[in-house]
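Working through the structure, step by step
One letter stands for each residue in the lines below.
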Amino acid sequence: MKNVLLLMLEFDNWLQARAWSYTGSWAFQDGLEENGHHCTVIPVIADRDPKSNESFLFYAKNLLRNTIFDEAWIWCVHTKLDETTWEWLSTVAKKRIGIVMESLCSEYESTKEFQHFSNRKEEVLSQLSHCTHAIVSDEFDINLIQERLNIPACWNVVMVPERFIRLDNAPDKPKAAFIGNKYGDRRIYLEDQSLAELLYRPHIPERDTNLPEKFDQLHRGLRNTLRNNKLTVETLSTASKEMKLIRELLFELHLDGIRMGFSNVNFTVDAKSIRRKGYRINGRSNTSG
């Protein structure tokens, strides 16, 4: 059994968090624990300064003092880890595995629409330079990382824990459903009347629950705990368990949501996580199943 530290990306509000699937975060913990390993989770709130007393990372070194881990798994997109954090990680875990859940290859067209993509590759490579291994969602990033950083990298097939797998009959619905997030200029397509007979935006199941508010409320309370310097090992463990539970329940409702149409439609995205060796998909790829 290994003792594993997870510096896991999380968001402090459901409006942002719902776009980051359970499969891109907490499912890693499920997989490690299913294989007998012990996990300690430190939520890394997106874009929050690790030097801030509102960051879990601000307290990590003291809370986990004298603890040595066999491995540290570190999310490397949307996290703002500083040199102090990387130095601490190098002392507590000889093996540091960088998790990259978005492609590092963005076409010019994409960087014009979403300017933050223009620096994404170099920012993440800088983070991975502190790691000993990398796991990537785009297999075309494997050679890039191995050549630039000389560390082993492998492709991650996004995981859906077995307990979520459904063998229900196909949904008997007359229209395709769009349940994703609206973003960019392409949102106008949802209002195109020529698609009205084929596509609709349903009232998704999570809106009939208080789970999104519970998610936000949990994070508001934790922010106050951090500000008041009341974080302990016990409250950290409890917090991560509560986050995971709410995420699980909302993921189950998401699976209900994608059954609200005969097909599930999303905007084309730059994830590039469905590519195969031997050819390359140019431009955007559509990753909706």
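Please refer to the structure placed before this passage.
Calculation criteria
Residues numbered from 1 in each chain as written. Predicted model: local features only at pLDDT ≥ 70, side-chain atom pairs only at ≥ 80, totals over all residues. Heavy atoms only, no water. Buried < 20%, exposed > 50% of the residue type's maximum accessible area, 1.4 Å probe, protein only. Helix = DSSP H or I, 4+ residues; strand = E, 2+ residues; numbered from the N terminus. Arc of directions from axis to C-beta. Contact = heavy atoms within 4.5 Å. Axes fitted to C-alpha atoms, helices over the stretch in contact; angles between N-to-C directions. Parallel < 35°, antiparallel > 145°, perpendicular 65-115°, else oblique. Left-handed = near helix turned anticlockwise from the far one by under 90°.

With that settled, consider helix α7 (residues 141-149). Here α7 has its buried residues at D141, I142, L144 and I145. An end-on view of α7 places all buried positions within 165 degrees of arc, on one side of the element. One or two steps after α7, the chain reaches N150, where phi turns positive at roughly 60 degrees.

The next subject is the environment of L57. As for its placement among the helices and strands, L57 is situated in helix α3 (residues 56-63). For L57, a relative accessible area of 9% gives the class buried. With 28 residues separating them in the primary sequence, L57 and T85 have C-alpha atoms 7.5 Å apart. Excluding residues within four positions of it along the chain, L57 makes contact with L7, I42, V44, P50, L81 and T85.

Attention shifts here to the packing of helix α8 (residues 211-227) against helix α9 (residues 233-257). The description of two helices packed together rests on the angle between their axes and the distance between the axes. Where α8 meets α9, the closest approach of the two axes is 10 Å, and the angle between their N-to-C directions is 160 degrees. Classed by the angle they form, the pair α8 and α9 counts as roughly antiparallel. Between α8 and α9 lies a crossing of left-handed hand. Taken together, the residues of α9 that come into contact with α8 (itself represented by L211, P212, K214, F215, L218, H219 and L222) are A239, E242, M243, I246, R247, L249, L250 and L253.

Treat this as a map of the structure, not an account of what it does.
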